[in-house]
Amino acid sequence: MLEISLYYPSILAFIIGVFIGAKYRMKIKNIFGYFILAVIIAYFLKALPYYNLPLSLTFVSAVIGIILGNRVFGGKMS
Amino acid sequence: MNSKRDLVAGISFFVFGASILYSLSNMHVNPGVNLVYLTHYIIPNYVCSVIFGWRAYDTLGECLVLVVAVMVSWIIFGKSLYDNTYLKELFKAPESDDYITLHGWGEYTPIIKFLAFPASVFMVALGIVTILGGHITPGGGFQGGALIASALILSVVAFGSKSPLWFDHKYLEKLEAIGALTYLLLGVVGMFIGGYYLFIFTSVGNLPIFPAPKEIVTAGIIPYLNIAVGLKVLAGLSTAAFLLSCEKVIIERIEKSEEILNK
């Protein structure tokens, strides 16, 4: 069962990531590479204290938010 | 000559590659400060409880100091000293242009650009993590905001006027306003609930204000205050960096325009 208390910072990170990712004026290419690198960094970063997760899900969801915000709302060089 | 250089390059590449492979095989990465926080019982974050629990009003004042600093930067390096419209007319640039997008501005080599773009993405993500973990780890709004602003600075330094990450003026204004208003309004809500300005409340009715594992659910509004401070610092430092980076561009433009006018 999805426990909201465990994933709440990840949701917030995703939202903030979308807002900042929208300000990237260049399209982020090679999304898969970014995702793999994000997972590796998140694994070594570890989760926040008291969040019993194997990796920093907040970091991964922030990167996903940035990429999604960039692909959907950003990526336009004015 | 070329063969000797190739030989030296080949040997260096081999030695460098072998040393990297050797270090990777013996790599031991420390789990970071989070482990220290778990093994040594210093949660809830003592510094954070001082900053946002005992003297949150003082933190609000510190944030406003940053606003004043940015305003002074704006007065010195901004519109009041350099006539923006005059430059735009001279270079036939659209009104919507920022200073920095008037013309191509210097950029670094492809190697730096290749690294700077992904590095800025991960720096922004790390900044977000630092902001959101501010109540339970070292860091917080100020540090996270500074990290995101430094991602912008890295991007601007590497790419010049074609910077992939660019916060326009109105966006920074909005961030600054949202950050300040969130902080002030949370203080007012605390006054209604607890009777004191910036009172840290943990729930509204039965609903926790910041859903978290039960050990740290007492954080209450502190994470939101961290986010507000983070947005303010992000906006403030980005504006200051933007103004200081533009100063050089503007002076160059004025000198060039004077040369054109003198001809």
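Residues numbered from 1 in each chain as written. Chains lettered and ligands numbered in written order. Predicted model: local features only at pLDDT ≥ 70, side-chain atom pairs only at ≥ 80, totals over all residues.

**Points about the overall build of chain A**
Here comes step 1: The helix and strand tally for chain A stands at three helices and zero strands.
Here comes step 2: Element order for chain A, N to C, with α for helix and β for strand: α-α-α.
Here comes step 3: Considering only C-alpha atoms, chain A reaches an extent of 45 × 20 × 20 Å along its principal axes.
Here comes step 4: Buried residues in chain A amount to 46% of all 78 residues.
Here comes step 5: Sequence separation of at least 24 residues holds for 75% of the intrachain contacts in chain A that already meet a minimum separation of 6. (Helix = DSSP H or I, 4+ residues; strand = E, 2+ residues; numbered from the N terminus. Buried ≥ 20, exposed ≤ 12 C-beta atoms within 10 Å, placed from the backbone. Contact = placed C-beta atoms within 7 Å.)

**Observations regarding the overall build of chain B**
Here comes step 1: Assigned secondary structure in chain B consists of nine helices and two strands.
Here comes step 2: Along its sequence from the N terminus, chain B presents helices and strands in the succession α-α-α-α-α-α-α-α-β-β-α.
Here comes step 3: Counting across all 263 residues of chain B, residues that qualify as buried make up 34%.

**Examining the environment of Lys-76 of chain A**
All names here are of chain A.
Here comes step 1: The residue Lys-76 is located in the segment after helix 3 (57–72) in this model.
Here comes step 2: Here Lys-76 falls in the exposed class, since 10 other C-beta atoms lie within 10 Å of it.
Here comes step 3: For the pair Lys-76 and Gly-65, spaced eleven residues apart in the sequence, the C-alpha separation amounts to 17 Å.

**Details of the packing of helix 2 (residues 31–45) of chain A against helix 3 of chain A**
All names here are of chain A.
Here comes step 1: Between helix 2 and helix 3, the least distance of the axes is 8 Å, while the angle of their chain directions is 160°. The angle between the axes of helix 2 and helix 3 places the two elements in the roughly antiparallel class. In this structure, the crossing between helix 2 and helix 3 has a hand that is right-handed. The residues of helix 3 that touch helix 2, namely those facing Ile-31, Tyr-34, Ala-38, Val-39, Ile-41, Ala-42 and Leu-45, are Phe-59, Val-60, Val-63 and Ile-67.
Here comes step 2: Residue classes in the contact of helix 2 with helix 3 are distributed as eleven nonpolar, no polar and no charged. (Axes fitted to C-alpha atoms, helices over the stretch in contact; angles between N-to-C directions. Parallel < 35°, antiparallel > 145°, perpendicular 65-115°, else oblique. Left-handed = near helix turned anticlockwise from the far one by under 90°. Nonpolar A, V, L, I, M, F, W, Y, C, P; charged D, E, K, R; others polar.)

**Describing the interface of chain A and chain B**
Here comes step 1: Facing 30 residues of chain A, the contacting portion of chain B comprises 32 residues.
Here comes step 2: Tallying contributions element by element places helix 1 (residues 4–21) of chain A first for the side of chain A that touches chain B, with ten residues.
Here comes step 3: Here the side of chain A that touches chain B is composed, by residue class, of 23 nonpolar, four polar and three charged.

**What to know about unusual backbone geometry**
With the exception of glycine, most residues fall at negative phi, and the peptide bonds are largely trans.
Here comes step 1: Residues other than glycine seldom take positive phi values, yet Tyr-50 of chain A does so here, at roughly 75°.
Here comes step 2: Inspection of the secondary structure assignment puts Tyr-50 of chain A in the loop between helix 2 and helix 3.
Here comes step 3: Located in the positive-phi region is Leu-198 of chain B, a residue other than glycine, with phi close to 60°.
Here comes step 4: Among the secondary structure elements, Leu-198 of chain B is positioned in the loop between helix 8 (169–194) and strand 1 (203–204).

**Some details on the confidence of the model for chain B**
Here comes step 1: Across chain B, the average pLDDT comes to 80, with 78% of residues at 70 or higher.
Here comes step 2: Here the predicted complex carries an ipTM of 0.95, next to a pTM of 0.80. (pLDDT = per-residue confidence, 0-100.)

**Some remarks on helix 4 (residues 56–77) of chain B**
Spacing of three or four residues puts side chains on the same side of an α-helix, whose turn is 3.6 residues.
All names here are of chain B.
Here comes step 1: Over its 22 residues, helix 4 runs 32 Å from end to end, which matches the ideal 32 Å to within 8%, given 1.5 Å per residue.
Here comes step 2: All buried positions along helix 4 are accounted for by Ala-56, Thr-59, Cys-63, Leu-66 and Val-70. Viewed along the axis of helix 4, the buried residues span an arc of 65°, placing them on a single side of the element. Exposed and oriented more than 90 degrees from the buried face of helix 4 are Tyr-57, Asp-58, Gly-61, Val-65, Val-68, Val-72, Ile-75 and Ile-76. (Expected span 1.5 Å × (residues − 1). Arc of directions from axis to C-beta.)

**Comments concerning the environment of Val-229 of chain B**
Residue and element names in this part refer to chain B.
Here comes step 1: Note that Val-229 resides in helix 9 (residues 222–262).
Here comes step 2: The class of Val-229 is buried, set by 29 C-beta atoms lying within 10 Å.
Here comes step 3: It is 49 Å that separates the C-alpha atoms of Val-229 and Asn-262, two residues lying 33 residues apart in sequence.
Here comes step 4: If near-sequence neighbours (up to four positions away) are discounted, Val-229 is found in contact with Thr-59, Cys-63, Gly-141, Phe-142, Gly-145, Gly-179 and Tyr-183.

**What to know about the packing of helix 6 (residues 110–132) of chain B against helix 7 (residues 141–159) of chain B**
All names here are of chain B.
Here comes step 1: Interhelical geometry of helix 6 versus helix 7 gives an angle of 170° and a closest axis separation of 8 Å. One element, helix 6, and the other, helix 7, form an angle in the roughly antiparallel class. Residue-level contacts link Ile-112, Lys-113, Ala-116, Ala-119, Ser-120, Met-123, Val-124, Leu-126, Gly-127, Ile-128, Thr-130 and Ile-131 of helix 6 to Gly-141, Gln-143, Gly-144, Gly-145, Leu-147, Ile-148, Ser-150, Ala-151, Leu-154, Ser-155, Ala-158 and Phe-159 of helix 7.
Here comes step 2: Of the residues in the contact of helix 6 with helix 7, the class split is 14 nonpolar, nine polar and one charged.

**Some words on helix 1 of chain A**
Here comes step 1: For helix 1 of chain A, built from 18 residues, the straight-helix expectation of 26 Å at 1.5 Å per residue is met to within 8% by its first-to-last C-alpha distance of 24 Å.
Here comes step 2: Listing the buried residues of helix 1 of chain A in full gives Pro-9, Ser-10, Leu-12, Ala-13, Phe-14, Ile-16, Gly-17, Val-18, Ile-20 and Gly-21 of chain A.
Here comes step 3: If you follow the buried residues of helix 1 of chain A, they end up packed against helix 3 of chain A together with helix 6 and helix 7 of chain B.

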